[in-house]
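# Summary of structural features
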Amino acid sequence: MNDPKADRFSAVDAEALEQQAMAEITAAATLDELDAARVKYLGRKSELKQALREIRDRDTGMTLNALRERLEQTVAERLDRLGREKLEQALTGEAVDVTLPGDELPVGHLHPTTHIRRIVEDAFLGLGYRIYDDREVETVEDNFDRLAFPEWHPARSPRDTFFLDERRVLRTETSPSQIHVMLEQPPPIYMVSIGRVYRRDEITPTRFPIFHQFEGLAVDRGINLADLKGTLLHVMRALFGPDRAVRFRTHYFPFTEPSIEPDVSCPMCAGEGCRTCKFSGWIEMGGAGMVDPEVFENVGVDPDEWSGFAFGCGLERSAQLRYGIPEIRPFWESDLRVLRQF
Ligand code: DAH
């Protein structure tokens, strides 16, 4: 009892130390605070560690070691708790919520000309036609000669047509596809050719030097004008709705005999009469007719065995009517304020 060393050890009041340390460890609100408490009570220079180094008697040793273990245990528990709290906070506070809508990406849509083109393609595919993708640079021979254009025809003039040289032109119509397909394969033929054509026109609200046409050709045994009318009716209804009617007016084209101009009942006023149809109730939709025997002979098809019809219509014109677009220019101006509307 009188051992001066024993006095020194009794200076460590284990109970008071435990109370104080436990209070600080459990009160540590952050990992930094916890670490500070750990160093203070369990670090190498802590009161407890120093006392442990100088232990002489067993009882004190057991008491202090037990205290060290309890403190270490409490620090570990607190560390675990604070770690989980921190993770929890990160998950709720900083986490990316994958269920939130993302930034909207601008999405485009089909150009009205492309949309019309697909309607026309679908209508003809449904009839068993072949889609024929053809060249835009043509020979004078296929663009004019084999289509039986007379020498005097104004389209043969460089004032109406873009000539690349004496023998080659930018096609003025999709009709030369009739020639190509008939040279490529024997009848029966059911084909539609869609693409750009070129004419030396001034740009006006209704004319543009580039535009698109779709050209159909059917060659088989016993084909007649009624087949042509039924086919055009099918396509016009696909374009302008099931109530449309079709009528024929006689006309002249070099490569058809007889030639006609098909009209569709006005989609704007349902045939009542309006400004678009100039109060006639009908809209002209292009050209058509029965394939001229001279054309058949030019491509080696026997006109006594085969007959056929052909037709050509403008895609922009169809789009104008379907969407009520009064001019052709917007189709080529790429103005999104306009195109977004269709
Ligand atoms: N190729 C003519 C044009 O561009 C349209 C045309 C008329 C096409 C009669 C035809 C047809 O197939 O038979 O004006």
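First, a word on scope: everything that follows refers to the structure included in this document. (Residues numbered from 1 in each chain as written. Predicted model: local features only at pLDDT ≥ 70, side-chain atom pairs only at ≥ 80, totals over all residues. Heavy atoms only, no water.)

Right, let's get into the overall build of the protein. When you go through the protein residue by residue, the secondary structure sums to 13 helices and ten strands. For the protein, the C-alpha radius of gyration of 45 Å lies well beyond 20 Å, the compact-globule estimate for 342 residues. Overall, the C-alpha framework of the protein stretches about 140 × 45 × 40 Å when taken along its three principal axes. The buried share of the protein, taken over its 342 residues, is 42%. In the protein, of all internal contacts separated by at least 6 residues, the share reaching a separation of at least 24 is 65%. As displayed, the protein has an accessible area near 19,800 Å², and 50% of this comes from carbon and sulfur atoms. Put simply, the protein has 43 plus and 59 minus side-chain charges, and the middle of one group is 5 Å from the middle of the other. (Helix = DSSP H or I, 4+ residues; strand = E, 2+ residues; numbered from the N terminus. Rg over C-alpha atoms; globule rule 2.2 N^0.38 Å. Buried < 20%, exposed > 50% of the residue type's maximum accessible area, 1.4 Å probe, protein only. Contact = heavy atoms within 4.5 Å. Areas by Shrake-Rupley, 256 points an atom, 1.4 Å probe, with all protein chains shown as cover. Lys, Arg positive; Asp, Glu negative; His and termini not counted. Charge placed at Lys NZ, Arg CZ, Asp CG, Glu CD.)

Our focus in this paragraph is the side chain of Glu-138. Tracing the backbone shows Glu-138 in strand 2 (residues 137-139). Here His-180 takes part through its side chain, which lies 3.3 Å from a polar atom of the side chain of Glu-138. (Polar contact = N/O pair within 3.5 Å; in protein donor to acceptor, adjacent residues only side chain to side chain.)

Take unusual backbone geometry next. Most of the time, phi is negative for any residue but glycine, and the peptide bond is trans. At the junction of Pro-187 and Pro-188, the peptide bond is cis and its omega measures out at 0° in the coordinates. Looking along the chain, the bond that leaves Glu-257 and enters Pro-258 is cis, with omega of -5°. The backbone of Ala-148 sits at a positive phi, close to 65°, despite the residue not being glycine. Structurally, the position occupied by Ala-148 is in the loop between helix 7 (140-145) and strand 3 (168-170). A relative accessible area of 12% means that Ala-148 is categorised as buried.

In terms of nonpolar packing, the biggest core is built from 40 residues, with Val-120, Phe-124, Phe-214, Phe-309 and Phe-311 touching the most fellow members. Of all the elements in the fold, those that place two or more residues in this core are helix 6 (112-126), strand 4 (189-198), strand 5 (210-220), helix 9 (225-240), strand 7 (256-265), strand 9 (287-291), strand 10 (307-314) and helix 11 (315-323). A total of six residues in this core trace back to one element, the largest contributor, which is helix 9. In this structure, Phe-309 is in contact with Tyr-129, Gly-216, Leu-217, Ala-218, Ile-223, Asn-224, Asp-227, Leu-228, Thr-231, Gly-289, Met-290 and Val-291, ignoring residues within four places of it in sequence. (Core = buried A, V, L, I, M, F, W, Y, C linked by side-chain atoms within 4.5 Å.)

Further remarks concern the environment of Glu-305. Looking at the element boundaries, Glu-305 is found in the loop between helix 10 (293-298) and strand 10. Residue classification places Glu-305 among the partly exposed residues on the basis of a relative accessible area of 36%. The spatial distance from the C-alpha of Glu-305 to the C-alpha of Asp-220 is 8.5 Å, given a sequence separation of 85 residues. In terms of polar contacts, Glu-305 uses its side chain to reach the side chain of Arg-221, at 2.5 Å.

Another aspect to go through is the pattern of salt bridges. If you walk through the whole model with that rule in mind, you get 20 salt bridges. Asp-165 serves as the salt-bridge partner of Arg-168, at 2.9 Å between the closest nitrogen and oxygen. When salt bridges with common partners are traced through the structure, they connect Arg-247, Arg-249, Glu-261 and Asp-263 into a single cluster. (Salt bridge = Lys/Arg side-chain N within 4 Å of Asp/Glu carboxyl O.)

With that settled, the discussion passes to helix 9. Counted at 1.5 Å a residue, the expected span for helix 9 with its 16 residues is 22 Å, and the 22 Å between its end C-alpha atoms agrees. Where helix 9 is concerned, the buried positions are Leu-228, Thr-231, Leu-232, Val-235, Met-236, Leu-239 and Phe-240. Buried residues of helix 9 fall within an arc of 145° about the axis and therefore sit on the same side. The N-cap residue of helix 9 is Asn-224: its side-chain oxygen and the backbone nitrogen of Ala-226 are 2.9 Å apart. (Expected span 1.5 Å × (residues − 1). Arc of directions from axis to C-beta.)

Take the site of the ligand next. Near the ligand there are 15 residues, and of these Glu-173, Ser-175, Arg-199, Gln-213 and Glu-215 occur at the shortest range. In this structure, Ser-175 approaches the ligand through a side-chain N or O atom, which is 3.0 Å from a nitrogen atom. (Near = heavy atom within 4 Å.)

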